[in-house]
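Below, each chain spelled out in residue letters.
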Amino acid sequence: MQQIEHIAQKVRSAERITPEEALLLWHEAPLWLLSELAMEVRHRLNGRKLYYNRNFHIEPTNRCVFNCRFCSYRRPVESPEMWDYSMEQIEQIARSQAEKGITEVHIVGGVHPDHGLEYYCEMIRRVKQILPGVAVKAFTAIELGYMIRQAGLTIEQGLRLLIEAGMEAIPGGGAEIFDEEIRAQICPEKGSTAEWFEVHDTAHRLGLHTNATILYGHIEGPEHRIDHLKRLREQQDKTHGFDAFIPLKYRNFGNSMSAIGEVSITEDLRMLALSRIFLDNIPHIKAYWVMYGKTTTELALAFGADDVDGTIDDSTKIYSMAGAEDQKPVMSVSEIERMATTAGLQAVERDTFYHELR
Ligand code: V47
């Protein structure tokens, strides 16, 4: 316990902790202490603000060249549940979201075998034409790596074309778990850890804002989670481009790892708190309410999270297909405000880049 108290003192005095210390906290710190320390860091960085945005998702297709074992969303081309929206359908979705005060569209989907880089540039241009004031946060590093390499370009050349088309930020997906051995077991074909970092590193150097995620609660252990955080902290020290870290809990419905089950809410809270304590250089920890469900998200607010993502407007299927509680995810601004108030926080609407609005 003396060792734990020593680490706690380091956190309280804003000193960085080592991966070994983080692992010790993981195994031995009581939950209340993790909450206290995470909230200390959270208040230092974000005061009493609880950030949210008005957003929606476009998921152009659930066809995918990869077949990740945790994915409940992908369908083969012959499946009646496969979708592959035409450009006109995507425009229609964008039009349906006009005049709702939306500030961000999150575009992410399967890695389609046939659509090339120019197709995605055109998609961004058309969405921006319909929603000029809305920031486009688009494509995971894995989608980007695939489309850019297929086009025979370097990551930098490809990103420059997408930026020219209107892409303004990159979401954190595709990170899964960075440990190469675990990654090879849960998503053997998917773009590598090195590729994920290459895309984010290049994006940061070009001035793009990006997020980072972890997929936890499957076959990995605490040491793999801490290793994941360590690699992100090192990258952030170099390029400072990550705005938010989003721990994603593995949901086990309808995929080929279903037998594994899901971790407890206590473990979710430990993951959130450890992320906040360890990632002293990433400003925001997002409790993505669509994935946790609203109840766990309320608890997350006492374990270091300062962001709950957005209003969503029933526009994403990734988590409803994986068994999340809300089969039609929608959160109103007044619900978010109530959630903040009851947690002793102040709801603050932000844009994609964490500028405060209204
Ligand atoms: O990379 C897929 C995860 C991610 C499952 O940047 C699963 O603001 C749990 O990255 N159980 C995509 N997770 C979603 C994502 C995201 C979401 C919200 C906000 C942001 C952001 C990014 O979803 C994938 C994968 O890690 N995922 N299947 C599943 N069964």
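Participant: Mind laying out the packing of helix α2 (residues 19-28) against helix α10 (residues 222-239), listing which residues take part and the relevant values?
Facilitator: It is at 10 Å that the axes of α2 and α10 come closest, and there the two elements cross at 140 degrees. One finds that α2 runs oblique with respect to α10. At the point where α2 passes α10, the crossing takes the right-handed sense. Two secondary-structure elements touch here, α2 through P19, A22, L23, W26 and H27 and α10 through P222, E223, R225, I226, K230 and R233.

Participant: Which residues make up the pattern of salt bridges, and what are the values?
Facilitator: Tallied over the entire structure, the rule returns 35 salt bridges. Its salt-bridge partner being K49, residue E356 comes within 2.9 Å of it at the nearest N-O pair. Taken together, the residues span a long stretch of sequence, with E356 in the segment after β10 (346-349) and K49 in strand β1 (residues 49-53) at a distance of 307 residues. Residue E356 is classed as partly exposed on the basis of its relative accessible area of 45%. A salt bridge links R251 to E262, with the nearest nitrogen and oxygen atoms 3.1 Å apart. Placement of R251 in the loop between β7 (242-249) and α11 (265-278) and of E262 in the loop between β7 and α11 is noted, with a sequence separation of eleven residues between them.

Thresholds, definitions, all that
Residues numbered from 1 in each chain as written. Predicted model: local features only at pLDDT ≥ 70, side-chain atom pairs only at ≥ 80, totals over all residues. Heavy atoms only, no water. Axes fitted to C-alpha atoms, helices over the stretch in contact; angles between N-to-C directions. Helix = DSSP H or I, 4+ residues; strand = E, 2+ residues; numbered from the N terminus. Parallel < 35°, antiparallel > 145°, perpendicular 65-115°, else oblique. Left-handed = near helix turned anticlockwise from the far one by under 90°. Contact = heavy atoms within 4.5 Å. Salt bridge = Lys/Arg side-chain N within 4 Å of Asp/Glu carboxyl O. Buried < 20%, exposed > 50% of the residue type's maximum accessible area, 1.4 Å probe, protein only.

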